[in-house]
Amino acid sequence: MGRLTAVILALWSVAAGPVRAPPAAVSFHLGALELTALRDSGYVSPNDGGDFGSDVGPQAVGEVLAAAGASQDAISLSVDALLVRMPGHVVLLDTGFGPDAEGALAASLRMADVSPLEVTDVLITHSHPDHIGGLLDADGKSAFPRATIWLSQREWTSMRSRGWASKLAAAIAPQVKAFEPGRQILPGITPVALYGHTPGHVGYEIVSGAANIEDIGDIAHSSIVSLAKPAWRGWIDEDPKAAAATRSAELKRLAATHELIFAPHFPFPGVGWIVARGDGYAWKPDTDLR
Ligand SMILES: [Zn+2]
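Notes on the structure in this doc start here. Here the structure is a predicted model, which is why all the values come from computation and not from measurement.

**Considerations on the overall build of the chain**
Alright, step 1. Along its length, the chain carries 8 helices and 14 strands.
Alright, step 2. The C-alpha radius of gyration computed for the chain amounts to 18 Å, which stays within 12% of the reference 19 Å derived for 290 residues, consistent with globular compactness.
Alright, step 3. Principal axes of the C-alpha set define a box for the chain whose edges measure 55 × 45 × 35 Å.
Alright, step 4. Residue burial in the chain is summarised as follows: out of 290 residues, 54% are buried.
Alright, step 5. Entry remark: accessible area of the chain is about 12600 Å², with carbon and sulfur atoms responsible for 55%.
Alright, step 6. Positive and negative side-chain charges in the chain, numbering 22 and 31 respectively, have mean positions lying 2 Å apart.

**Topic: the nonpolar core**
Alright, step 1. Membership of the largest hydrophobic core comes to 28 residues, with the highest contact counts inside it found for L123, I206 and I213.
Alright, step 2. Among the secondary structure elements, those contributing two or more residues to this core are β2 (25–30), β3 (33–46), β4 (74–86), β5 (89–93), β10 (202–208), β12 (260–262) and β13 (271–277).
Alright, step 3. With residues near it in sequence (within four places) discarded, I206 still touches L30, L33, L82, V84, L93, G188, I189, A211, N212 and I213.
Alright, step 4. Formed by 27 residues, the second largest nonpolar core is a distinct cluster that contains L38, L92, F144 and M159.

**A closer look at the coordination of the zinc ion**
Alright, step 1. The coordination sphere of the zinc ion contains the protein donors D130 (OD), H131 (NE2), D218 (OD) and H265 (NE2), at a distance range of 2.1 Å.
Alright, step 2. What the 4 donor atoms of the zinc ion show is an angle range of 87 to 168° at the metal, which sorts the shape as irregular.
Alright, step 3. Mapped onto the polypeptide sequence, the residues donating to the zinc ion form the spacing pattern D-H-x86-D-x46-H. Within this pair, whereas H131 is found in helix α4 (residues 129–132), its partner D218 is found in the loop between β11 (211–215) and α7 (225–228), the two being separated by 87 residues in sequence. For the pair H131 and D218, a shared accessibility class is recorded, and that class is buried.

**Some remarks on helix α2 (residues 58–67)**
Alright, step 1. Buried within α2 we find V61, G62, V64 and L65. For α2, the angular spread of the buried residues around the axis is 160°, confining them to a single face. Opposite the buried face of α2, by more than 90 degrees, sit the exposed residues Q59, E63 and A67.
Alright, step 2. Elements in contact with the buried residues of α2: β4 and α7.
Alright, step 3. Positive backbone phi, approximately 80°, marks G69, located one or two places after α2.

**Description of the packing of aromatic side chains**
Alright, step 1. Across all of its chains, the model carries 3 aromatic pairs by this definition.
Alright, step 2. Both rings, one in Y43 and one in F97, keep their centres 6.2 Å apart while their planes meet at 20°; by these two values the pair is stacked. Pair noted here: Y43 is in strand β3 and F97 is in the loop between β5 and α3 (105–111), with a separation of 54 residues, a long-range link.
Alright, step 3. Here Y43 falls in the partly exposed class, since its relative accessible area comes to 22%.
Alright, step 4. Ring geometry for F266 against W283: centres 4.9 Å apart, planes inclined by 75°, an arrangement best described as edge-to-face. You can see F266 sitting in the loop between β12 and β13 and its partner W283 sitting in strand β14 (residues 280–285), a full 17 residues away along the chain.
Alright, step 5. F266 gets classed as buried once you look at its relative accessible area, which sits at 0%.
Alright, step 6. Note on W283: relative accessible area 15%, which makes it buried.
Alright, step 7. Lying over the aromatic face of Y195, R154 brings its terminal NZ or CZ to 4.1 Å of the ring centre.

**Section: the side chain of H131**
Alright, step 1. Look at H131 and you get buried, because its relative accessible area is 1%.
Alright, step 2. A distance of 3.1 Å separates polar atoms of two side chains, one belonging to H131 and the other to D218.

**Topic: the pattern of salt bridges**
Alright, step 1. Per the counting criterion, the structure on display carries 11 salt bridges.
Alright, step 2. The closest approach of N and O atoms between R253 and E250, which form a salt bridge, is 3.0 Å. A residue pair is termed a helical-turn pair when its members lie 3 or 4 positions apart in one helix, as R253 and E250 do in helix α8 (residues 240–257) at 3 residues.
Alright, step 3. Exposure remark for E250: the relative accessible area of 8% places this residue in the buried category.

Rules and cut-offs
- Residues numbered from 1 in each chain as written.
- Predicted model: local features only at pLDDT ≥ 70, side-chain atom pairs only at ≥ 80, totals over all residues.
- Heavy atoms only, no water.
- Helix = DSSP H or I, 4+ residues; strand = E, 2+ residues; numbered from the N terminus.
- Rg over C-alpha atoms; globule rule 2.2 N^0.38 Å.
- Buried < 20%, exposed > 50% of the residue type's maximum accessible area, 1.4 Å probe, protein only.
- Areas by Shrake-Rupley, 256 points an atom, 1.4 Å probe, with all protein chains shown as cover.
- Lys, Arg positive; Asp, Glu negative; His and termini not counted.
- Charge placed at Lys NZ, Arg CZ, Asp CG, Glu CD.
- Core = buried A, V, L, I, M, F, W, Y, C linked by side-chain atoms within 4.5 Å.
- Contact = heavy atoms within 4.5 Å.
- Donors = N, O, S within 2.8 Å, 3.2 Å for Na, K, Ca; no water.
- Tetrahedral: all angles 85-135°; square planar, octahedral: opposite > 155°, others 65-115°.
- Arc of directions from axis to C-beta.
- Phe/Tyr/Trp six-rings, centres within 6.5 Å; stacked < 30°, edge-to-face > 60°.
- Lys NZ or Arg CZ within 6 Å of the ring centre and 35° of its normal.
- Polar contact = N/O pair within 3.5 Å; in protein donor to acceptor, adjacent residues only side chain to side chain.
- Salt bridge = Lys/Arg side-chain N within 4 Å of Asp/Glu carboxyl O.

The following block contains the structure:
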């Protein structure tokens, strides 16, 4: 290998951005509901003291990664969405990067035997490209034309102020229903205010009978770093201080209640539990789903 090739490969290995992933759909039951984790893509963030541990530096982040047996060079995330099927509603939570980053969500939906026209409701956690990109199809038209698109009032205001999202916001505006978190919006589904990552970021609590699961959105990105050191800050969050406080409080609650969660950026299918470990937490995936 030439020196230049080696340099390019070294740079490539830690380049930030979306990574293509094969489509995948993993279904499970929650009470009377059928849920399906859907793969869209991956995302790589270099360990450079930016996205993660901006207050502690790459060496401290690297030590946490190494202790978990992961590469110290970069933090690798999955990018996934969640489907909920119930009588009268086919609900999609987040939409991945979409066609701009060659996201696999549309193909994963097909694997779950769902047509975009069947989706009645799209629930958005927040307006970042890896969650709203799939709201448009490759032609720039609404990808779920018959769906109501739900997001918090604060997030809708924030989204419309994002220059890069203006075309998307205009395309979906007729379908949008903005809500105040804390009240049920669909049978058994209640948005929960978890602000900090973005101004109007929410999670979604899904209940069926005695069973429940929370889609935590982006309160935690890395199943390693975000859980081991929830108080560490990073520029992956728009308000790092508020996001760290929200993450710390919600992880504490989830570990205490042993509530099942779906985490869009944890290793696919991203379903499992938060458990206390040391002065932080660890990820316990639901291995029955694999
Ligand atoms: Zn995200």
